[in-house]
Amino acid sequence: MHKVFTIETQGPGLYEITREVEGFVAASRAEEALLTLFVRHTSASLAIQENADPDVRTDLAAFFHRLVPPSDDPAMGYIRHTSEGPDDMPAHIKAALLPVSLTIPIISGRMMLGTWQGIYLFEHRSSRHRREIVAVAR
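Procedures and definitions
- Residues numbered from 1 in each chain as written.
- Predicted model: local features only at pLDDT ≥ 70, side-chain atom pairs only at ≥ 80, totals over all residues.
- Heavy atoms only, no water.
- Pairing = 2+ DSSP bridges.
- Helix = DSSP H or I, 4+ residues; strand = E, 2+ residues; numbered from the N terminus.
- Contact = heavy atoms within 4.5 Å.
- Axes fitted to C-alpha atoms, helices over the stretch in contact; angles between N-to-C directions.
- Polar contact = N/O pair within 3.5 Å; in protein donor to acceptor, adjacent residues only side chain to side chain.
- Salt bridge = Lys/Arg side-chain N within 4 Å of Asp/Glu carboxyl O.
- Buried < 20%, exposed > 50% of the residue type's maximum accessible area, 1.4 Å probe, protein only.
- Arc of directions from axis to C-beta.
- Core = buried A, V, L, I, M, F, W, Y, C linked by side-chain atoms within 4.5 Å.

## Comments concerning the sheet that holds strand β3 (residues 32-39)
Strand order in the open sheet formed by 5 strands is β1-β8-β3-β5-β6, with antiparallel pairing between adjacent strands. Looking along the sheet, the strands with just one partner apiece sit at the ends: β1 (2-9) and β6 (110-111). In the packing of helix α1 (residues 18-28) onto the sheet, contacts are made with β1, β3, β5 (101-107), β6 and β8 (129-137), and the angle to β1 comes to roughly 165°.

Rendered as structure tokens:
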């Protein structure tokens, strides 16, 4: 079974999709399987992170912004790909550093996430986007 999720983003940050994915897993009726999630974009990524304290998401977004600032930052003077705006090439770099796919075991019909783990789309671009995530349970 597979499904394509469309996630509307409002700019950079982590967007939790755990509930949507749980719904897919339940609908798949998979008792024991592997769930694969794959984001179909080169400027976004996926993450499993803490979902209890929203400061974790804020701090992660701030860390990656500091690690790879926009291309108009003086530290990024070596960047050549700037035709799509100062956030584009840094978004590609972040997506190269972070996973674009995740594999999560399903046992007894449930994802085996830890107590405080959630699944996130990590948007790296500044403007709104429609992101597609493919889910497959086998």
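Next comes the rest of the description.
## Details of the side chain of His 124
Along the chain, the position of His 124 falls in the loop between β7 (117-123) and β8. Of note is the side chain of His 124, whose polar atom sits 2.8 Å from the side chain of Ser 45. Among residues more than four places away in sequence, those in contact with His 124 are Ser 43, Ala 44, Ser 45, Asp 87, Ala 91, Lys 94, Ala 95 and Leu 98.

## A few points about the pattern of salt bridges
Under the criterion given, the structure shown has 5 salt bridges. Between Arg 125 and Asp 87 there is a salt bridge, with its nearest N and O atoms 2.8 Å apart. On the criterion of sequence distance, the pair formed by Arg 125 in the loop between β7 and β8 and Asp 87 in the loop between α2 (54-67) and α3 (88-97) is long-range, its members being 38 residues apart. Among the residues examined, Arg 125 registers a relative accessible area of 9% and is labelled buried. Between Glu 123 and Arg 131 there is a salt bridge, with the nearest N and O atoms lying 2.7 Å from each other. We note that Glu 123, like Arg 131, is buried. Here the salt bridges share partners, and the residues they tie into one network are Asp 87, Asp 88 and Arg 125.

## Considerations on α3
Listing the buried residues of α3 in full gives Asp 88, Pro 90, Ala 91, Lys 94 and Ala 95. Taken end-on, α3 shows its buried residues confined to a sector of 160°, consistent with a single buried face. The outward face of α3, more than 90 degrees from its buried face, is lined by the exposed residues Ala 96 and Leu 97. Summarising the contacts, the buried residues of α3 are in contact with β4 (44-50) and α2.

## A few points about the sheet that holds β7
Consider a sheet: its strands pair through backbone hydrogen bonds, and that pairing is either parallel or antiparallel. Taken together, the 3 strands give an open sheet; going across it, the order is β2-β7-β4, and neighbouring strands pair in antiparallel fashion. Each end of this open sheet is capped by a strand with a single partner; those strands are β2 (13-16) and β4. The mean angle between the axes of side-by-side strands here comes to 40°, regardless of whether they run parallel or antiparallel. Pairing of β4 with β7 involves 7 bridges; the strand directions are antiparallel. The residue bridging Ser 45 from the neighbouring strand is Phe 122, located in β7.

## Structural notes on the pairing of β3
Side chains Ala 33, Leu 35, Leu 37 and Val 39 of β3 all project onto a buried face; the interleaved residues Glu 32, Leu 34, Thr 36 and Phe 38 project onto a face where none is buried. Strand direction decides the pairing type here: β3 and β8, joined by 5 bridges, are antiparallel. Within β8, the position partnered with Leu 37 by the bridge is Ala 135.

## Some points on the nonpolar core
Core analysis: the largest hydrophobic core is formed by 23 residues, its most contacted members being Val 21, Leu 35, Leu 37, Ile 119, Leu 121 and Ile 133. If you list the elements that add at least two residues to this core, you get β1, α1, β3, β4, β5, β7 and β8. In terms of residues, this core owes the most to one element, β3, which gives 4 residues. In this structure Ile 133 touches Lys 3, Val 4, Phe 5, Ile 7, Ile 17, Leu 37, Phe 38, Val 39, Leu 46 and Leu 121, once residues within four positions along its chain are discounted. Judged by nonpolar contacts, the second largest core, of 6 residues, contains Leu 14, Ala 47, Leu 98 and Phe 122.

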